[in-house]
Amino acid sequence: MSEERVAALRNRWFTTSIGITAAITLVGFVVGFLWLPLSHPSDRFRGAWDAICSAAGLLNKPSSSEQIVTANYPTTRVEVIPHMLDSADAVSIGRGATLALRCTMCHGARGLSQANSPNLAGQYPIVIYKQLMDFKTGARGSAVMAPLVADLTASDMRDLAAYYAYLPRITDSGTGRSMPRIVASGAPLRGIAPCGACHGEVGAKAGAAWLEGQPVAYLHTQLEAFASNARHNDIDEQMRNVARAMTPQEIDAASRYYAEHP
Amino acid sequence: MWNSKRLILAHFWFAFAGFGIALLLGEWQMFIRSPLAAWISDPDLYYRSVTAHGTTMAYVLPTLVAMGFGYFVTEQALKRPMIGLHWAWLGWGLAVLGTISAIVPVALGRASVLYTFYPPMVGNAFYYIGIVLVVLGSWIWVALMAVNLYRWKRDNPGAPVPFPMFATVAGAYLWGWTAVGAALELLFQIMPVALGWRDTIDAGLARVFFSWTLHAIVYFWLMPTYIAYYTIVPRAIGGRLFSDTMGRIAFALFLVAAMPIGIHHAFEDPQVGAGFKYLHSVFTGVVAIPTLLTVFTICASVEIAGRLRGGRGVLGWLKALPWLNPAMLGTALSFVMLGFGGAGGLINMSYQLDATIHNTQWVTGHFHLIFAGAIVIMYFVIAYDIWPHLTGRALGCFGLMRAQLWLWGIGMIVLTFPWHWVGILGMPRRMAFYDYTNPALASLAMPVIMSVIGGAILVVSGALLFLVLLRGQFAPRSEPEAYRFSVAVRPPHRVPAALNGMGLWVGLMIALTIVNYGFPIAHAIATPGTAVPAVMVGERP
Ligand SMILES: [Cu+2]
């Protein structure tokens, strides 16, 4: 007993199943790519082909009447990619150390500041590099830092980043303060993720700074600057969206926690 | 015959061991984010747990059950020794190795990306390597199912392929093809980043690849359950399968229509055109046909059993059913959950309605009701049914089995109904922490506590499962009678060639995949500037 052939026009199973499948597909295409888009009142298509392209997901050029929103201030030009500065060598660190001589008066001899300038020792290299670049392009405004970076090249900045990343961080002073709610859990109802999810205790996201041990005044100022849009160099408003939703008490608690934590 | 008993037991035991651990993790997750517990303050622990729970429950448990049950069907339905026993052990070994390789980085907090991967998040490479190994192991199973069917047909030209084998091979082919989507995503998008060869990832394209897998994987999970409905239940309750042909058509249609519809998981994704979303909705509707065919056929088969047992009248046959039989009880509970879950699914698959429950706890409730409920309860029934034939020892404690199944059904409903409800209230999913002291969330507290109770009932049910199986392992030896699958009212003597092989249906499945996915994928690949920097998870410099 040999089997009949399936793939043959004489086989009714073959023709019927393919016919029905093709019919459903065809009707689906007509409805989904023509009828529905064309009967949608808010979409103005220039004819059937336009509707089909749109339904297929092709990008339409925005019409001239549509306004494209751009920031009216300089935004960062740095593309942050994880591991982008991982491969620093000793030469780079050495060059960074030399360049850093002019930074010591404010940021300390070993990257630990006595004044209220931020500590740089042990900071992630991406952060140092990005902030220097942002000072230079004006994305982050600072009357103090801007003239100091004006003559630095990108490769200088990479060397400085390598050097500061290589310096040891401030060590733990042993104050076991418990984490405030905003740091440990964020505020989900206001769309704030836990600070630690980006800044290091729970997970580290490329571009977010190591905050522990920074001067409390510095942290406080930065958070308020993000909240008021005075500082606006964060990509996709990552930090501004956080800071804007924070209460003054939370800004206080977070700044104090990070300043006293190490 | 019977050279694969140990192989099948190894599959089931590994599946259930993973299940037991993941079950505890699930309940822990429910508990620590409920108002009953103080917040643990470390969301990462929570996401580790969710990743381990999802990976084990979604990849390990159903894959190993499908493989083990598939080997069982091969020998019992074809009535001859399985070909390729060594390969089958290799597949099992790969699945075990892969599970370990995946779970270790998760436990270490290096891969808290959840089982659906969520690019642009990228975790440790060993997590993904582990998943690939599990899939490779299961592809060996797919190949073995194909080879065994092919050889049998060659030796029995023109004879109807036994229906259990037909259905099993349909499930195998469905899995073989649907796993390709996630495999493409892993190999070409995620692994190059995880291995440090690339820094950016096209998250939109990766999501489309994953959707290729994500719908039909549910039908792969469903396959052992549906096979049990058709081939175990009617026999176990003393009835007959209403129609062999109807069963074949249902499985053929699953093969064709379950696959090219996954974009309904990407309704809110901007990178996919609305036309394709519509097309996928249409075929999602088509999948209802084999599901309804199944519901009809199984209800008819059960009615036959009721009438054979002396039931009379319009509803009298219901009373005559053997309600104390675990297979009967499990099927009834499974159908109840399938009914509610299916109704909820209609909402998910509707473009506009979906927007109201997208990414809320509704979705978690939905897939637990369908998968953990309707599907997994039949995994228990399968185990109870075939265990004596694997161990050569009777499973005597029917009371315990019934208690286990009842608790699973009740627990799942107590768990998932409140979940649906809080979803409608807008409670988002995949969050570690909810502040119930906030007035806006206060109304969620009670339903969430109910869900925790539902989870606790499930843990008790899980413990009973192990009790039943372990007692079975130590019961006195007894030679069970030969295993039988359900017999149809009219056993087939000749089957149309189209329903005696997979060629036509696999062809349609692949063709529809190309039609429904070809353009969205090609378009995503061809569009420049869509790659974004990957977000490395679990790195602590
Ligand atoms: Cu789906």
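Quick caveat, the model's predicted, so the values are computed rather than measured.

About the criteria used
Residues numbered from 1 in each chain as written. Chains lettered and ligands numbered in written order. Predicted model: local features only at pLDDT ≥ 70, side-chain atom pairs only at ≥ 80, totals over all residues. Heavy atoms only, no water. Helix = DSSP H or I, 4+ residues; strand = E, 2+ residues; numbered from the N terminus. Rg over C-alpha atoms; globule rule 2.2 N^0.38 Å. Buried < 20%, exposed > 50% of the residue type's maximum accessible area, 1.4 Å probe, protein only. Contact = heavy atoms within 4.5 Å. Lys, Arg positive; Asp, Glu negative; His and termini not counted. Charge placed at Lys NZ, Arg CZ, Asp CG, Glu CD. Buried area = accessible area lost by both parts, 1.4 Å probe. Salt bridge = Lys/Arg side-chain N within 4 Å of Asp/Glu carboxyl O. Polar contact = N/O pair within 3.5 Å; in protein donor to acceptor, adjacent residues only side chain to side chain. Nonpolar A, V, L, I, M, F, W, Y, C, P; charged D, E, K, R; others polar. Expected span 1.5 Å × (residues − 1). Patch = residues over 30% accessible without salt bridge, like charges linked within 9 Å, V, L, I, M, F, W, Y side chains within 5 Å. Areas by Shrake-Rupley, 256 points an atom, 1.4 Å probe, with all protein chains shown as cover. Disulfide = S-S within 2.5 Å. Donors = N, O, S within 2.8 Å, 3.2 Å for Na, K, Ca; no water.

### Details of the overall build of chain B
Logical step 1: A tally of helices and strands in chain B yields 16 helices and four strands.
Logical step 2: A compact globule built from 541 residues should have a C-alpha radius of gyration of about 24 Å, and chain B, at 23 Å, falls within 12% of that.
Logical step 3: Overall size of chain B, expressed as C-alpha extent along the three principal axes, is 65 × 50 × 45 Å.
Logical step 4: A buried classification covers 62% of the 541 residues belonging to chain B.
Logical step 5: Of all intrachain contacts in chain B linking residues separated by at least 6 positions in sequence, the fraction that spans at least 24 positions is 84%.
Logical step 6: Of the side-chain charges in chain B, 30 are positive and 18 negative, and the distance between the mean point of each set is 14 Å.

### Section: the interface of chain B and chain A
Logical step 1: Each side of the interface is counted separately: chain B has 46 residues, and chain A has 41 residues.
Logical step 2: Across the chain B/chain A interface, buried area totals approximately 3700 Å², and carbon plus sulfur atoms make up 71% of it.
Logical step 3: On inspection of chain B and its partner chain A, the count reaches one salt bridge.
Logical step 4: Residue D435 of chain B pairs with R181 of chain A through a salt bridge whose shortest N-O separation is 3.8 Å.
Logical step 5: If you look at where chain B meets chain A, you find four residue pairs in polar contact (both at pLDDT 80 or more).
Logical step 6: Elements with a contribution of two residues or more to the side of chain B that touches chain A: α2 (43-78), α9 (274-308), α16 (503-526) and β4 (535-536) of chain B.
Logical step 7: Looking at which element gives the most residues to the side of chain B that touches chain A, the answer is α9 of chain B, with eight residues.
Logical step 8: Of the residues assigned to the side of chain B that touches chain A, the class counts are 30 nonpolar, eight polar and eight charged.

### Some remarks on helix α8 (residues 244-257) of chain B
Residue and element names in this part refer to chain B.
Logical step 1: Between its first and last C-alpha, α8 extends 20 Å over 14 residues, near the 20 Å set by a 1.5 Å rise per residue.
Logical step 2: When you tally the buried positions in α8, you get 10 out of 14 residues, the bulk of the element.
Logical step 3: For α8, the complete set of buried residues consists of D244, G247, R248, A250, F251, A252, F254, L255, V256 and A257.
Logical step 4: Against α5 (163-194), α6 (203-231), α9 and α16 lie the buried residues of α8.
Logical step 5: At the N-terminal end of α8, a side-chain oxygen is found 3.4 Å from the backbone nitrogen of T245, two or three residues along, and the residue is S243.

### Quick notes on a nonpolar patch on the surface
Residues and elements named next belong to chain B.
Logical step 1: A grouping of V314, L315, L318 and W323 is seen on the molecular surface, where their side chains present a nonpolar patch of about 410 Å² in accessible area.
Logical step 2: Positionally, L318 belongs in helix α10 (residues 313-320).
Logical step 3: Judged by its relative accessible area of 33%, L318 falls in the partly exposed class.

### Digging into the state of the cysteines
Logical step 1: Under the defined criterion, the tally for this structure stands at zero disulfides over all chains.
Logical step 2: Unpaired in terms of disulfides, C103 of chain A finds its nearest cysteine sulfur in C106 of chain A, a separation of 8.8 Å.

### What about the side chain of D156 of chain A?
Residues and elements named next belong to chain A.
Logical step 1: Along the polypeptide, D156 turns up in helix α7 (residues 154-166).
Logical step 2: A relative accessible area of 13% places D156 in the buried class.
Logical step 3: Side chain to side chain, D156 and R95 meet in a polar contact 3.2 Å long.
Logical step 4: Those residues in contact with D156 that sit more than four places away from it in its chain are R95, L99 and D151.

### Looking at the coordination of the copper ion
Residues and elements named next belong to chain B.
Logical step 1: All of the protein donors around the copper ion are H215 (ND1), H264 (NE2) and H265 (NE2); their distances to the metal are 1.9 to 2.1 Å.
Logical step 2: Binding-site remark: the copper ion is held by donors from one chain whose sequence spacing is H-x48-H-H.
Logical step 3: Residue classification places H264 among the buried residues on the basis of a relative accessible area of 11%.
Logical step 4: Its relative accessible area of 32% is what places H265 among the partly exposed residues.

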